[in-house]
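# An overview of the molecular structure
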Amino acid sequence: MSRRSLRCLLRCFLILALPLFFRFATAHAQVATPASVLGHNPGDDFYLADYDDAIRYFHALAASSDRVKMFKVGKSTRGEEYEIAVISSPENLARLDEYKSAARKLADSRDLTEAQAKELARTSKVIVHIDGGMHSSEVAGGQHSIQLAYKLASTQGDPQIDAILNNVILVLWPTLNPDGQNMIVHWYRQNLGTQFEVSPMPYLYQEYVGHDNNRDGYMQNMIESQVVTKAEMDWSPVIFYCQHQTAPFPARIWIPPFSDPISSNISPYMRSWLNVVGTQMSAALQQQHMPGAISQDEFDNWYPGFLDFTHVFRNEISFFTETALYRYATPRFYTVDEFPKQYQDLKALTMYTDPWQGGWWRLGDAVKYMVTGSMSVLDTAAKYREQLLFNRWQAAHDNIEHFKHAAPYAYVLPNPQADTPEAAQLAQIMIENGIEVHRAKESFHANGSTYAAGSWVILMDQPFSGLVKELFEVQHYPQAILNSGGDSSGKPVTLPYDVTGWTLPMQMGVRADAVTDPVGEDQRAALELVSKADVAGGVDGAGPSFVLSHQANASFEAVNDILAAGGSVGFTKDAVPTSEGTETGAFVVSGLGRANLSSILEKRGVKAVSSSHGGETIALHKARVGLYRPWAPSIDEGWTRWVLEKYGFAPISIYNAGMKAGNLKAQYDSIIIPDISKNLLLNGFKTGIVPSQYSGGFDNDGVEALRDFVQQGGTLIAFNQGAAAMIDLLGLPVTNILDGVSSDQFFCSGALLRVELKDRSRPGVYGLPENPIVMFERGPAFEPKPGFKGAILASYPKGVNPLESGVLLHPEKIEGQAAAVEVAYGKGHIFLYGFKPQWRGQSHGAYKFFMNALYKFDEPAFGELPAVEVAKDAHGDKAASKKKVEEEDETPDE
Ligand SMILES: [Zn+2]
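Per chain, residue numbering runs from 1 following the sequence as it is written. At least 70 in pLDDT is required for a residue's local features to be given in this predicted model, at least 80 for side-chain atom pairs to be given and counted, and no such filter applies to totals for whole chains, interfaces and linings, which use all residues. Calculated side-chain values reflect all of the structure's heavy atoms, with hydrogen atoms and water omitted.

## Some points on the overall build of the protein chain
Strands are runs of DSSP state E lasting at least 2 residues, helices are runs of H or I lasting at least 4, and numbering of each runs from the N terminus. Along the protein chain, the regular secondary structure elements total 26 helices and 41 strands. When we talk radius of gyration, it's over C-alpha atoms, and the globule rule is simply 2.2 Å times the number of residues to the 0.38. Taken over the C-alpha trace, the protein chain has a radius of gyration of 30 Å; the compact-globule value for 894 residues is 29 Å, and the two agree within 12%. Considering only C-alpha atoms, the protein chain reaches an extent of 120 × 70 × 60 Å along its principal axes. Contacts are residue-level and defined by heavy atoms, with any inter-residue pair within 4.5 Å sufficient. Sequence-distant contacts, at least 24 apart, represent 81% of the contacts inside the protein chain between residues at least 6 apart. Every accessible area reported is derived by Shrake-Rupley at a probe size of 1.4 Å, with residue values counting cover from the shown protein chains alone. Here the protein chain displays about 33,200 Å² of accessible surface, and carbon together with sulfur accounts for 50% of that area. Taking the average place of the 77 positive charges on the side chains of the protein chain and the average place of its 102 negative ones, the gap between the two points comes to 5 Å. When charges are tallied, Lys and Arg are placed among the positive residues and Asp and Glu among the negative ones, while His and the ends of the chain are skipped. Every charge is mapped to an atom, namely NZ of Lys, CZ of Arg, CG of Asp or CD of Glu.

## As for empty space enclosed by the protein
Points on a 1 Å grid over protein atoms alone make up a cavity when a 1.4 Å probe fits among them but cannot get out, and a pocket when they form an open set with protein on both sides within 12 Å along at least five of seven lines; lining residues each have an atom within 4 Å of a point. Grid points are joined across faces, edges and corners, and a volume is the space filled by probe spheres set on the points. Considering all chains together, one arrives at four cavities of 30 Å³ or more under this definition. Space inside the largest cavity adds up to approximately 90 Å³. If you go around the largest cavity, you meet 13 residues; those closest to its centre are Ser136, Glu138, Val139, Gly142 and Gln181. Going through the elements one at a time, α7 (140-154) and α9 (178-191) are the ones with two or more residues in the lining of the largest cavity.

## Examining the nonpolar core
Here, nonpolar core refers to any group of buried Ala, Val, Leu, Ile, Met, Phe, Trp, Tyr and Cys residues whose side-chain atoms link them within 4.5 Å. The cut-offs for exposure are 20% and 50% of the maximum accessible area for each residue type, with area from a 1.4 Å probe on protein chains only; residues under the lower value are buried, those over the upper are exposed, and the others partly exposed. Core analysis: the largest hydrophobic core is formed by 165 residues, its most contacted members being Ile239, Ile317, Phe319 and Leu378. Residue contributions to this core peak at 11 residues, all from helix α12 (residues 363-383). Setting aside its immediate chain neighbours within four residues, isoleucine 317 contacts Val238, Ile239, Phe240, Met270, Trp273, Leu274, Val277 and Leu388. If you look at the next biggest cluster of nonpolar residues, it comprises 70 residues, including Met222, Phe571, Val765 and Leu768.

## Overview of the side chain of aspartate 131
Mapping aspartate 131 onto the fold places it in strand β3 (residues 126-131). Whenever a carboxyl oxygen of Asp or Glu lies within 4 Å of a side-chain nitrogen of Lys or Arg, that contact is scored as a salt bridge. Here aspartate 131 sits buried without a salt bridge, and the closest side chain of opposite charge, arginine 314, lies 12 Å off (N-O distance). Each polar contact in these results corresponds to two N or O atoms within 3.5 Å; when the atoms are within protein, one needs to be able to donate a hydrogen and the other to accept it, and residues that are neighboring in sequence are counted only if both atoms are side-chain atoms. At a separation of 2.7 Å, a polar atom in the side chain of aspartate 131 contacts the main-chain amide nitrogen of glycine 133. Ignoring anything within four residues of it in the chain, the contact list for aspartate 131 reads His144, Trp173, Leu176, Phe240, Tyr241, Cys242 and Gln243.

## Details of the sheet that holds strand β14 (residues 437-440)
Only when DSSP finds a minimum of two bridges between them are two strands counted as paired. The strand order β18-β13-β17-β14-β19 describes an open sheet built from five strands, whose pairing is antiparallel. Two strands lie at the open edges of the sheet, namely β18 (513-515) and β19 (527-530), each paired on one side alone. Ignoring which end each strand starts from, the neighbouring axes of this sheet average 35° apart. Judged from the three bridges that link them, strand β13 (residues 410-413) and β18 form a sheet pairing that is antiparallel. From the neighbouring strand, valine 412 faces β18, where its bridge partner is aspartate 513. The axes are straight lines fitted to the C-alpha atoms, using for helices just the contacting stretch, and the angles between their N-to-C directions are given from 0 to 180°. Contacts from helix α14 (residues 420-432) reach β13, β14, β17 (456-459) and β19, with the element oriented near 30° to β17.

## Quick word on the UniProt feature "domain: Peptidase M14" (unreviewed entry) in the protein chain
UniProt positions are given in the numbering used here, feature names are shortened, and annotations may be inferred rather than shown by experiment. Annotation from UniProt places "domain: Peptidase M14" (unreviewed entry) at residues 57-216. With 46% helix and 17% strand, residues 57-216 has its two end C-alpha atoms placed 30 Å apart.

## Some remarks on the pairing of strand β4 (residues 168-173)
Within β4, six of the six residues are buried, which leaves the element mostly enclosed by the surrounding structure. Across the two faces of β4 the burial is the same, with Val168, Leu170 and Leu172 and Ile169, Val171 and Trp173 all buried. Of the pairings in the sheet, the one linking strand β2 (residues 81-87) to β4 comprises three bridges and is antiparallel in character. Following the sheet pairing, alanine 85 is matched in β4 by leucine 172.

## Brief notes about the sheet that holds strand β35 (residues 773-776)
Spatial strand order, β35-β33-β38: three strands in an open sheet with antiparallel pairing. Strands with a single pairing partner mark the edges of an open sheet, and in this sheet they are β35 and β38 (803-805). Taken over all neighbouring pairs, the strand axes of this sheet differ in orientation by 45° on average, direction set aside. In terms of strand pairing, strand β33 (residues 751-754) meets β38 through two bridges, oriented antiparallel. Residue leucine 752 lies in a different strand from β38, and its bridge partner there is serine 805.

## A closer look at unusual backbone geometry
The omega torsion of the bond from aspartate 260 to proline 261 falls at 0°, within 30 degrees of zero and hence cis. Checked against the element boundaries, proline 261 lands in strand β7 (residues 259-262). Between asparagine 415 and proline 416 the backbone carries a cis peptide bond, its omega angle lying at 10°. Here proline 416 is to be found in the loop between β13 and α14. Unlike most non-glycine residues, serine 236 shows phi in positive territory, near 50°.

## Observations concerning the layout of surface pockets
Of the voids in this model, the second largest pocket is the one considered here, and its volume is about 710 Å³. Along the walls of the second largest pocket sit 28 residues, with Gln425, Gln428, Lys532, Glu557 and Lys646 positioned nearest its centre. Taken together, the elements giving at least two residues each to the lining of the second largest pocket come down to α10 (223-235), α14, α19 (554-564), α20 (594-604) and α21 (635-646). No other element matches the seven residues that α14 contributes to the lining of the second largest pocket. The residue classification treats Ala, Val, Leu, Ile, Met, Phe, Trp, Tyr, Cys and Pro as nonpolar and Asp, Glu, Lys and Arg as charged. All others, Gly included, are polar. Its residues placed into classes, the lining of the second largest pocket shows 10 nonpolar, eight polar and 10 charged.

## Overview of the pattern of salt bridges
Scanning the entire structure with this criterion turns up 42 salt bridges. Between arginine 604 and aspartate 561 there is a salt bridge, with the nearest N and O atoms lying 2.8 Å from each other. One end of the pair, arginine 604, is in helix α20; the other, aspartate 561, is in helix α19, and 43 residues separate them in sequence. Given the relative accessible area of 17%, aspartate 561 is considered buried.

Encoded structure:
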């Protein structure tokens, strides 16, 4: 070739190639980098992007890349706009609706034959959910989503990423908790560079429930849970992957496989793929020279209420990982001699294949581990796309076939029942979980019984009914684990990470009958599918007074509305007819016009009957309710606040300063102490851990203020460890028989127990059934001492194991002992509960235990009882309560 033709060729090449090169380079340069928008890279030391920053970046990214689209999916509790980024190839993004529809069709299975399902799996794309976590103090997750999005949007010419973009549609949530990300980042920024740089935030990072935002998966009490679940059912991802921190120290990341136990109600396809995804991730981390991945240790799959796990019952491979965390964006150096003794030899284990050797750990390391975890999940999804899509059809199909031939064939929620609005609410919760619920148009016959029209029926031959079984059946812990203890106590070696029993109809006080015979076509003809389950409230008959059942929780909402509207309400002292039968303690309403009352009752779904009741009533007034709110944030306080607000009790938070200032009786009629230990009540955060305005507890001054409050006629209500604390602090004539009892003598970390009411004449138990079921979670149990004045409200039955669902070891320890007592104290009363009557907003069946006590009674029905002799110095030794504030970097999390 001559020089001339060479020059010509070169020129031709440049003319042809240069525009391509420039177009490529420009496209590449145009993709917004995190640094160009935020001024930092995700994972930089001492820097955290808050939620607003993250959204700003995602919008810049979507504007500069054809691989990213943004969607709004709802609003948070504090009104932040929830936005998600959908990332895939431009071709896939153009056909999103088609792929979403295919995902839902495969997940449902019923409109597709096996051959059609296979063909759809072959031609469709796999949708994967990944998020930046929901536990906001676990800060790396929200930084990782920025980095992951940038990597996927900007990388060119990488075969792995090309394969992901072509095969996978990533639904990326910057975070599952926008409010919390803003709160925690702002807290860090204000303390950065001060002595409080790594101090814990003195409020819950979700308005009500903080860390328990991952305990609300099926119940969906919180707005965040509703938004996440609704969007998840809309997108129907094959994989749901949530980022958490902290790994069991010194591991750098915890990944699946999980520890036992795992529920048998999960599809075996999902159970095995949970392991596959984890194993692939282990290999991917090794490939990137990232040591310290651990599996199985610590985290199990027993409780179905984790918001990042409930979806597994909708046949999604749902799981999380736990990357190591120090605090916020502050780096930390670790030496091997800080490791737990058993890890100091740095020996490899089957499930800890490459032990971490110590050294620096920075936010940037955590972000890198998380991005590697997410990339591994996307890579697995791309490689096994077709099989994963087909598995969803198979899992749903198998489940339907199974329940065509095996009991329970259905569950019936009879209407009417003791608390019919609660039954409707349970049916509605199932609908919101993607379960089909039917209503009987006419009488429904099953189990040799006839259920009235209006009863709700859940047929089990539907795609996701494993969730129904999981929530409705009694929890029996696997024998293989219960028997593996080896010691004489029989205490299981592997205790569940969370509670052991949660049977929802039991918790809610709802009757749900399992149908043990197949449901034929004639029976199905009596049913209609409903999209909403509720009961119509209203007024029967004409005034002047009306009676509301005390058995329906919804009546409390109505009563609070009626009191607020200026009506009068009293408890009947004798038995009167109500819409639910005949009962003592029914609410009698007067002084409110019929139209006004009707609109309240319709709104609350409560029925009232007109009454000529002329008997005695105990008049009640809207109570001024105070709720102790510590600076060391209490999840139980938050749940209590949420329940009280929902029911219209309008609680007022009492902080330490308010408690110590005293004069409580002038401000409150009832005060609630949530499930908080004595040490935290008295001492709170130790001095020096948090800025001084947040340190300390309510101290001796607070104890004296509470004592005065009750002696002057106030009502004190204390839950669980808060109740145990009040016995000590106020010197009550009650023994906590479980105080100091070791777990081999008695163990119950969260199970449903049956109690029996002992004194039905007390207004504190009005409306409750004879044998309510309560959530026992590491609580006290009570025995009155000589000199006790008051009443035992409920006891664990004598000589009978009270266990209804879950694990209870050594039941004999509490049989016959008191579960709830009312102690007369000066002119007032103290209600002590050895269980959690408001547990996670789920134990609706036990709500009345404390809701009755919240009202101010016109006339104390109990009369004035003599004051109990108390020792003034009985409130514990402060020096002895030096419980270490848990180190975040060594506390396992989920
Ligand atoms: Zn977490």
